[in-house]
Amino acid sequence: MKETVVSGIRPTGQLHLGNYFGAVTNFVKMQYDYSCFFFIADLHSLTTHPTPQDLHGYVRHVLVEYLACGIDPDESTIYIQSDVPEVAELYLYLNMNAYMGELERSTSFKDKVRSQPDNINAGLLTYPTLMAADILIHKAVKVPVGKDQEQHLEFTRTFGNRFNRLYNSDYFPEAFAFNYADNLVKVPGLDGKGKMSKSNGEGSCIYLADSPEIIRKKLSRAVTDGGPVAENQAKPEAIQNLFDLMKIVSTADTLAHFEELYNKMAIRYGDFKKQLAEDMIVFNTPIRERIEELSRDSDYLRKVAGQGAEKARESARKTISEVRSLIGFKSF
């Protein structure tokens, strides 16, 4: 039996290179070695009150782009969270044994209280419980998450172990953070401020669906400086970010050429950014073309979503049946 891996992504728009190299490429590899459940977390997204049109469009974006990147619905289970109502049922049961004090200590909840004081809803408070339900519904033991999500995994273990103690069982296994790759690729943004993130603005991201024209425009506006003032000097963060992007999408010879120009104080950022843009376009084009092709095939997307829902529900129904029995729910 393969170990179970679960990972979810909130549908907040298009995927960018940071999502691709930070997560999706590893998903494509791990789907052959593990029993993988990749879900689109549309229930989680309700905490920010998206319009119905936006919600459906964003879910469709993620489904299309996961498929375009190589996640195979025959090798893994790709599903939409709201298509599996058993998740919401387990969320209810776990909430009955989650305590206000521990939920209020959640780092993500405290961050949301500061960043959106006019929308402190119960869904934000119980986000760790819903995330635990997402994982426990499939009895997963491995969850690909970053450092910022590890506290939620601690909550998952807490809630699972608490259920086990309360109902005198060892039903739920403990789930732990899982990095499939030895060296995770951190993709910087174009704004000179660290990793690529939609929260830093559209201009800081290269999206997988971006056209060549858009990529050229974004790279031309990428943050640079006045150039090196000494040979072999350390690069400022904004410049190092662009070189790190070139390391990802360009050939080693191209990178070495511009490294040499920088170290000799002979670099022209205009030429550098033009080369980076063209290499980015070459890298991005096969994915973008596949996105465009899949976006036109609504029948296939419907088939994939339906197939994923059924596979996920088969797993979830078994868990819920056994959980209900442990709790003491019985038919007359």
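The structure this text deals with has already been given above.
Please read all numbers here as calculations on a predicted model, not as lab measurements.

**Details of the side chain of Thr254**
Link 1 in the chain: Note on placement: Thr254 falls in helix H12 (residues 252–263).
Link 2 in the chain: Assessed through its relative accessible area of 16%, Thr254 is described here as buried.
Link 3 in the chain: Polar side-chain contacts of Thr254 include one of 2.8 Å to the side chain of Thr251.
Link 4 in the chain: In contact with Thr254, other than residues within four places in its own chain, are Met246, Gln275 and Asp279.

**A closer look at the nonpolar core**
Link 1 in the chain: Among the nonpolar cores identified, the biggest contains 59 residues, and Tyr66 and Met280 are the most heavily contacted of them.
Link 2 in the chain: Setting aside its immediate chain neighbours within four residues, Tyr66 contacts Ile9, Leu15, Val24, Phe27, Phe38, Ile71 and Ile78.
Link 3 in the chain: By size, the runner-up hydrophobic cluster in this structure holds 37 residues, among which are Ala98, Leu125, Tyr127 and Phe172.

**Concerning the side chain of Asn164**
Link 1 in the chain: Note on placement: Asn164 falls in helix H9 (residues 150–166).
Link 2 in the chain: Of note is the side chain of Asn164, whose polar atom sits 3.2 Å from the backbone nitrogen of Tyr171.
Link 3 in the chain: Residues in contact with Asn164, not counting those within four places in the same chain, are Ser169, Asp170, Tyr171 and Phe172.

**Concerning the pairing of strand S2 (residues 35–40)**
Link 1 in the chain: Among the six residues in S2, five count as buried, and that is most of the element.
Link 2 in the chain: Here strand S1 (residues 4–9) runs beside S2; their pairing, made up of six bridges, is parallel. Looking across to S2, one finds that Val6 is bridged to Phe37.
Link 3 in the chain: Each parallel crossover has a hand, and for S1 linked through helix H1 (residues 17–30) to S2 it is right-handed.

**Quick look at the state of the cysteines**
Link 1 in the chain: Scanning all chains against the criterion turns up zero disulfides.
Link 2 in the chain: We note that Cys205 lacks a disulfide partner, and the nearest cysteine sulfur, in Cys69, lies 15 Å from it.
Link 3 in the chain: Residue class for Cys205 comes out buried when judged on its relative accessible area of 0%.

The rules behind these values
Residues numbered from 1 in each chain as written. Predicted model: local features only at pLDDT ≥ 70, side-chain atom pairs only at ≥ 80, totals over all residues. Heavy atoms only, no water. Helix = DSSP H or I, 4+ residues; strand = E, 2+ residues; numbered from the N terminus. Buried < 20%, exposed > 50% of the residue type's maximum accessible area, 1.4 Å probe, protein only. Polar contact = N/O pair within 3.5 Å; in protein donor to acceptor, adjacent residues only side chain to side chain. Contact = heavy atoms within 4.5 Å. Core = buried A, V, L, I, M, F, W, Y, C linked by side-chain atoms within 4.5 Å. Pairing = 2+ DSSP bridges. Right-handed = clockwise from strand over helix to strand, strands pointing away. Disulfide = S-S within 2.5 Å.

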